[in-house]
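A look at the structure
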Amino acid sequence: MRVDRLGALLSAAGITALLTLPFVVSKANRIVPGTPLALGDVVPAWAAFACYALLLAVALVALGVANPRLRLVVALAGIVAAALAVAAAGNTLTPPGNKVVRVAPGAAWWMLTVCLGLLATDAITRLRPGPGRRVLLLVAALVVAVLAIAHGTFDHLSIMREYAVNATRFAHEGARHVALAAGSLGAALVAGLPLGILCYRVPRLRAAVLGTLNLIQTIPGIALFGMLMAPLGALAAAVPLAAQLGIRGIGAAPAVVALFLYSLLPIVANTVAGLKRVPRATVDAAQGMGMTSAQVLTRIELPLALPVILTGVRIVLVQNIGMVTVAALIGGGGLGTFVFQGIGQTAIDLVLLGAIPIVVLAFSAAVVLDALAEVMERAPA
Amino acid sequence: MISIENLSKRYGATTVVDGVSMHIPRNSLTVIVGTSGSGKSTLLRMVNRLVEPTSGRVLLDGSDTRAEPAHLLRRRIGYAIQGHGLFPHRTVAENIATVPRLMGWDAARIAARVTELLEAFALDPNTFAGQFPHQLSGGQQQRVGVARALAAEPQLLLMDEPFGALDPIIRAKAQDDLLDIRRRFGTTIVLVTHDMDEAFRLGDHVAVMSCGRLLQYGPPAQLLTRPADPLVSRMTGLADRAIRLLSLSTAGEAALPGSVEGPEVPASATLRDVLSELMWRGVDAARVTEADGTARGHLTVAAILARGRP
Amino acid sequence: MRAPGVAGILRAVALGLLVAFLIWPQRFAPLFAPLTQYGAPPIYDQGNLLALALAQLGTVCCAAVASTVVAVSLGILVTRPSGAEFLPLSRTLVNVGQTFPPVAVLAVAVPLVGFGLKPTLIALFAYGLLPIFENTLVGLKTCPPAVLEAASGMGMSARQRLMAVELPLAMPLILEGIRVSLVISVGTATIGSTVAAKGLGEVIIAGLLSNNNAFILQGALVTGLMAVLLYEALGGLERRFCGTVRIE
């Protein structure tokens with residue numbers, strides 16, 4: 001029987017973690033140091049036994065079974081079991097009515113979930129799902145997670161406690177985060193698409209424009225924010241109308257301008273690349289049929305260039321979602337405020353409250369846009 | 001020089017090469033010809049063990065090729081492929097010097113060999129030695145590929161569709177150059193192609209393969225006059241076999257003694273070309289002369305036609 | 001040596017200005033004075049600018065060396081026949097990993113190893129792996145098959161083939177990956193100042209805290225220039241050493 005080396009690696013890592021590292025860490029309140037606890041300490045014996053048995057089965061499948069579907073199913077079962085176990089631990093360790101106790105997943109839980117996640121990812125990769133299926137998988141996972149959270153399964157975990165405290169602010173900053181990322185993308189599309197088309201039509205412009213945009217791209221995010229703050233502040237001071245519109249040296253304005261500038265390169269570059277890919281013969285035929293330049297552009301060239309442009313949109317959206325995180329430093333808001341607040345207070349739960357939604361947003365955007373680009377690629381022109 | 005004994009290659013349930021045996025003499029030029037999927041490339045690659053045989057063995061000068069590690073065996077065998085595979089990041093001279101360097105030759109010997117080969121392939125060393133592959137034309141790249149294969153003075157040269165990527169005019173020149181090179185260096189050559197005309201033009205011996213089996217191995221004339229299998233005749237072509245047979249002999253070989261009135265034809269011309277010339281001019285006979293001008297004899301249309309039969 | 005064009009001159013000027021500013025910051029005070037209010041110091045005075053810049057550069061380069069070694073080794077391993085089963089997962093991880101903002105990696109490292117240089121190095125190393133690993137994968141996998149076949153057919157052993165053919169041909173892409181990784185690292189290291197790592201982010205954050213636009217601009221300009229110059233320097237290196245590699 002051929003032993004699957006990836007499975008062996010992941011099983012060894014997961015099992016070692018489970019045996020040596022704490023499963024949960026429990027704190028009487030936010031500031032005291034926590035007590036590490038193992039799985040057996042925090043759930044009833046039958047549950048612990050069931051968990052161990054399931055994880056053992058997962059390890060065996062990971063080692064010896066090649067069928068990706070089976071591997072995916074057991075990996076997902078393992079993730080669900082671990083999640084339920086840690087939720088149950090939260091319930092057990094929190095006396096009823098107590099809102100001060102903090103129960104957080106420990107290193108073993110993280111390691112286990114990461115290993116199971118890698119196993120599931122490997123299985124999905126081997127199955128090579130089409131774009132529709134990938135989106136479906138994503139939506140299913142998100143729905144399950146949201147339902148579980150809404151149902152209150154994880155309410156006793158420290159991260160949900162932080163959420164409970166910050167619920168309205170979370171919604172507000174979350175919406176702001178998406179608005180900043182999407183807004184700058186929208187602005188970049190409005191400016192970048194025509195610029196890209198221009199660069200395609202006029203090759204001499206290409207080097208200069210792409211070179212400049214490339215240069216902007218090289219400047220780190222926070223540096224560009226910083227460089228824009230002074231001019232925007234000066235603008236707000238000199239032109240009262242601008243200040244009334246909300247343009248100030250700090251806050252969302254420099255962030256939006258910087259994100260807009262960063263978004264230009266992928267849009268322009270991908271527009272040019274996409275248009276270049278359109279076969280000359282197709283364009284010739286269209287012109288030969290009597291279409292005007294504009295008609296050729298809108299009916300032939302842009303639709304055929306769409307998949308590559310969509311890839312550019314994906315790059316921008318993922319990049320922007322990440323960069324809005326940093327905008328929190330200059331007062332731009334967004335989920336990054338939780339991240340930096342958490343760093344300041346050494347509260348990992350706050351950090352995760354900000355970081356996890358950001359990662360989920362970026363990942364979802366990537367999956368959906370990639371799937372869209374792939375569907376466009378396959379669709380008959 | 002090469003003994004292929006009952007060589008087979010199977011991938012799972014598919015047999016790609018099926019029990020091929022043949023003996024390739026030293027200094028010969030053997031062409032293995034067949035359609036795609038006939039197993040000819042796989043057979044070639046089993047000689048230098050780029051593909052390991054499922055069964056059977058290959059003896060090189062009497063010793064089994066499996067007796068030493070594969071990569072050491074391959075350094076003693078020249079290998080030239082379609083698409084030449086020149087290293088884009090190395091100059092022409094460095095490309096050619098690859099195997100000699102692997103074998104530890106000293107720098108002076110390597111430099112001399114590179115110059116010798118470049119001159120043999122009509123590439124001026126001063127111009128070409130320092131250039132990179134992308135700066136050369138397709139024909140030049142192909143020549144460098146063959147030069148590289150010959151660099152370490154191998155006794156055996158394996159070629160896998162080396163002229164496939166060249167356009168027809170350059171291909172004919174490249175084929176002639178190969179014959180010159182063989183005369184000059186005396187290497188045993190085994191060449192794989194799907195082009196029957198090329199096989200007939202180049203080969204002392206031709207091996208015809210189909211579906212993994214060796215149908216016939218022998219001099220090209222034999223394939224025409226005594227085909228071992230109807231499939232061989234179909235592949236060599238039934239319609240123009242007589243003309244093909246004529247293309248295998250030269251005027252010099254078939255010349256009758258004596259002289260006649262008529263145009264001059266070179267002794268190196270094929271009988272097919274001589275017949276064509278006679279038809280064009282509407283005459284019955286021609287004088288055969290050597291390259292230096294001495295008379296060799298004469299040929300008549302009747303004599304030529306007689307040669308077009310088994 | 002070719003005469004430097006406009007770009008070359010601009011680069012030299014930028015480098016000159018940067019070095020001048022770092023060594024004699026006070027000379028530039030008049031330039032920054034208009035940005036300050038109420039007599040605040042125009043030049044960052046809570047630390048030595050040169051020392052901070054060098055510290056940040058040092059952090060970035062250390063992490064870059066470590067990332068390169070690990071990423072290239074992993075890339076080689078995964079593209080060998082013996083590592084083939086790890087290849088599909090590697091590709092997916094590269095895709096997925098790039099959706100993680102670098103800041104998140106930094107933020108998560110802090111509770112694990114504390115404040116200071118350690119989480120910054122870890123974040124830089126971990127995030128820096130991705131572009132280099134991805135480019136190593138692509139570079140090794142897109143080696144022209146005819147060239148590999150010829151190399152095997154000539155009698156190169158697998159190791160010789162890797163060192164003499166595959167790696168040199170993949171080098172331009174690998175260098176490009178290192179370039180991208182470095183630029184992102186400079187940005188992340190700047191944010192590392194929020195977790196008490198020594199770097200130019202300090203200057204920007206001090207400016208944000210005390211509402212001093214001069215500090216913010218200084219920190220931003222030096223960081224930006226450093227990133228751009230590093231990028232250009234590596235670009236020059238790439239052109240010099242890999243200019244001969246052209247794959248049809």
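Residues numbered from 1 in each chain as written. Chains lettered and ligands numbered in written order. Predicted model: local features only at pLDDT ≥ 70, side-chain atom pairs only at ≥ 80, totals over all residues.

Description of the overall build of chain C
What counts here: By definition, any uninterrupted DSSP run of H or I lasting at least four residues is a helix, any uninterrupted run of E lasting at least two residues is a strand, and each is numbered from the N terminus. Any residue whose C-beta has 12 or fewer other C-beta atoms within 10 Å is treated as exposed, any with 20 or more as buried, and any in between as partly exposed, C-beta atoms being built from the backbone.
The helix and strand inventory of chain C stands at 10 helices and zero strands. Counting helices and strands in the order they occur from the N terminus, chain C gives α-α-α-α-α-α-α-α-α-α. Taking the principal axes of its C-alpha atoms as reference, chain C extends roughly 75 × 50 × 25 Å. Per-residue burial for chain C yields a buried fraction of 48% across its 248 residues.

Things to note about the interface of chain A and chain C
Put simply, the test is: Distance between backbone-placed C-beta atoms decides contact: two residues are in contact if it is within 7 Å. Each residue receives one of three labels: charged for Asp, Glu, Lys and Arg, nonpolar for Ala, Val, Leu, Ile, Met, Phe, Trp, Tyr, Cys and Pro, and polar for the others, Gly being one of them.
Across the contact, 41 residues belong to chain A and 37 residues belong to chain C. Contributions of two or more residues to the side of chain A that touches chain C are made by helix 1 (5-20), helix 5 (107-127), helix 8 (203-218), helix 9 (221-238), helix 13 (293-327), helix 14 (336-345) and helix 15 (348-378) of chain A. A per-element tally of the side of chain A that touches chain C places helix 9 of chain A first, with nine residues. A breakdown of the residues in the side of chain A that touches chain C according to their chemical character gives 26 nonpolar, 11 polar and four charged.

Quick word on helix 8 (residues 168-185) of chain B
Note the threshold: Between the first and last residue of a helix there are one fewer steps than residues, each counted as 1.5 Å, and that sum is the expected span.
Between its first and last C-alpha, helix 8 of chain B extends 26 Å over 18 residues, near the 26 Å set by a 1.5 Å rise per residue. Positive backbone phi, at 65°, marks B:Gly186, one or two positions downstream of helix 8 of chain B.

Focus on the packing of helix 3 (residues 49-79) of chain C against helix 6 (residues 117-141) of chain C
Residue and element names in this part refer to chain C. This is how the line gets drawn: Interaxial angles span 0 to 180 degrees and are taken between N-to-C directions of axes, which are lines fitted to C-alpha atoms, for helices over the stretch in contact. To sort the angles, those under 35 degrees are grouped as roughly parallel, those over 145 as roughly antiparallel, those from 65 to 115 as roughly perpendicular, and the leftovers as oblique. Here a crossing is called left-handed whenever its near helix is offset anticlockwise from the far helix by less than a right angle, and right-handed whenever the offset is clockwise.
It is at 7 Å that the axes of helix 3 and helix 6 come closest, and there the two elements cross at 40°. Comparing their axes, helix 6 and helix 3 come out oblique. Pair helix 3 / helix 6 crosses with right-handed handedness.

Examining the domain arrangement of chain A
Selection criterion: Note: domain ranges come from an automatic or database domain assignment.
Each assigned domain of chain A is listed with its residue range as follows: domain 1 (5-128) and domain 2 (164-378). Using C-alpha coordinates to define each centre, domain 1 of chain A is positioned 37 Å away from domain 2 of chain A.

Observations regarding the environment of B:Gly258
Residue and element names in this part refer to chain B. Mapping Gly258 onto the fold places it in the loop between helix 13 (251-254) and strand 11 (264-266). By C-beta crowding, Gly258 is classed as exposed, having 9 other C-beta atoms within 10 Å. Taking the C-alpha atoms as reference points, Gly258 and Ile32, 226 residues apart in sequence, are found 40 Å from one another. Once residues within four sequence positions are removed from consideration, Gly258 is found in contact with Gly297 and His298.

What about the pairing of strand 1 (residues 24-27) of chain A?
Residue and element names in this part refer to chain A. Stated formally: Strands are treated as partners if at least two bridges between them are detected by DSSP.
Burial along strand 1 is one-sided: the face carrying Val24 and Ser26 is buried and the face carrying Val25 and Lys27 is not. Where strand 1 meets strand 3 (residues 102-105), four bridges bridge the pair, whose relative direction is antiparallel. Residue pairing for strand 3: Ser26 is matched across the bridge by Val103. As paired strands, strand 1 and strand 2 (residues 35-37) are joined by three bridges and run antiparallel to one another. Across the sheet, residue Val25 finds its bridge partner in strand 2, namely Pro36.

Considering the sheet that holds strand 3 of chain A
All names here are of chain A. Within the open sheet, the three strands sit side by side as 2-1-3. Their pairing is antiparallel. With one partner strand each, in any of the chains shown, strand 2 and strand 3 form the two edges of the open sheet. Across the sheet, the mean angle separating the axes of adjacent strands is 25° when strand polarity is ignored.

Here's the deal with the sheet that holds strand 4 (residues 55-60) of chain B
Residues and elements named next belong to chain B. Spatially, four strands are ordered 2-1-4-5 in an open sheet, and the strand pairing comes out antiparallel. Both outer strands of the open sheet, strand 2 (14-24) and strand 5 (63-64), are each paired with one neighbouring strand and no more. For strand 4 and strand 5, the ladder comprises two bridges, and the chain directions are antiparallel. For Leu60, the partnering residue across the bridge sits in strand 5 and is Ser63.

Considering the nonpolar core
Quick reminder of the rule: We define the nonpolar core as any set of buried residues of the types Ala, Val, Leu, Ile, Met, Phe, Trp, Tyr and Cys, connected via C-beta atoms lying within 7 Å of each other.
The biggest cluster of nonpolar side chains holds 254 residues, and the ones touching the most others in it are A:Ala255, A:Ala327, A:Val339 and C:Ala107. Dropping the residues within four chain positions of it, A:Ala255 is found in contact with A:Leu180, A:Phe225, A:Val324, A:Ala327, A:Ile330 and A:Gly332.

Here's the deal with the interface of chain C and chain B
Listed per partner, the contact involves 18 residues of chain C and 19 residues of chain B. Elements represented by at least two residues in the side of chain C that touches chain B include exactly helix 7 (145-154) and helix 8 (158-191) of chain C. No other element matches helix 7 of chain C, which puts seven residues into the side of chain C that touches chain B. Tallied by class, the residues present in the side of chain C that touches chain B amount to 10 nonpolar, five polar and three charged.

Looking at the confidence of the model for chain C
Residue and element names in this part refer to chain C. Worth spelling out the cut-off: The quantity called pLDDT is the predictor's confidence in a given residue, expressed from 0 to 100.
Averaged over all residues, the pLDDT of chain C equals 85, while 96% of them reach at least 70. Model confidence for chain C, summarised as mean pLDDT per element, is weakest for helix 2 (residues 29-32) at 78 and strongest for helix 3 at 92. Here the prediction assigns the complex a pTM of 0.82, and the interface score ipTM is 0.82.

Notes on unusual backbone geometry
Residue and element names in this part refer to chain B. Here Asp61, not a glycine, exhibits a phi torsion of approximately 55°, which is positive. Tracing the sequence through the fold places Asp61 in the loop between strand 4 and strand 5. Overall, Asp61 belongs to the exposed group, with 10 C-beta atoms counted inside 10 Å. The backbone phi angle of Glu161 is positive, close to 45°, even though this residue is not glycine. Structurally, Glu161 can be placed in the loop between strand 7 (156-160) and helix 8. Accessibility expressed as a C-beta count within 10 Å gives 19 for Glu161, which makes it partly exposed.

Points about helix 14 of chain A
For helix 14 of chain A, the buried fraction is high: seven of the 10 residues fall into the buried class. Looking only at helix 14 of chain A, the buried set comprises A:Gly336, A:Thr337, A:Phe338, A:Val339, A:Phe340, A:Gly342 and A:Ile343. Buried-residue contacts for helix 14 of chain A involve helix 7 (158-201), helix 13 and helix 15 of chain A together with helix 5 (102-113) of chain C. Just beyond helix 14 of chain A, the residue with positive phi is A:Thr346, at close to 50°.

Details of the pairing of strand 7 of chain B
Residue and element names in this part refer to chain B. Which entries qualify depends on this criterion: The handedness rule is simple: strands pointing away from the viewer, and a clockwise path from the first strand over the helix to the second, make the crossover right-handed.
Here strand 7 lies mainly inside the structure; five of its five residues are buried. Here strand 7 shows two buried faces, one formed by Leu156, Leu158 and Asp160 and the other by Leu157 and Met159. Across five bridges, strand 6 (residues 77-81) lies against strand 7 in parallel orientation. Bridge pairing links Tyr79 to Leu158 in strand 7. With respect to chirality, the unit in which strand 7 leads through helix 8 into the neighbouring parallel strand 8 (residues 188-193) is right-handed.

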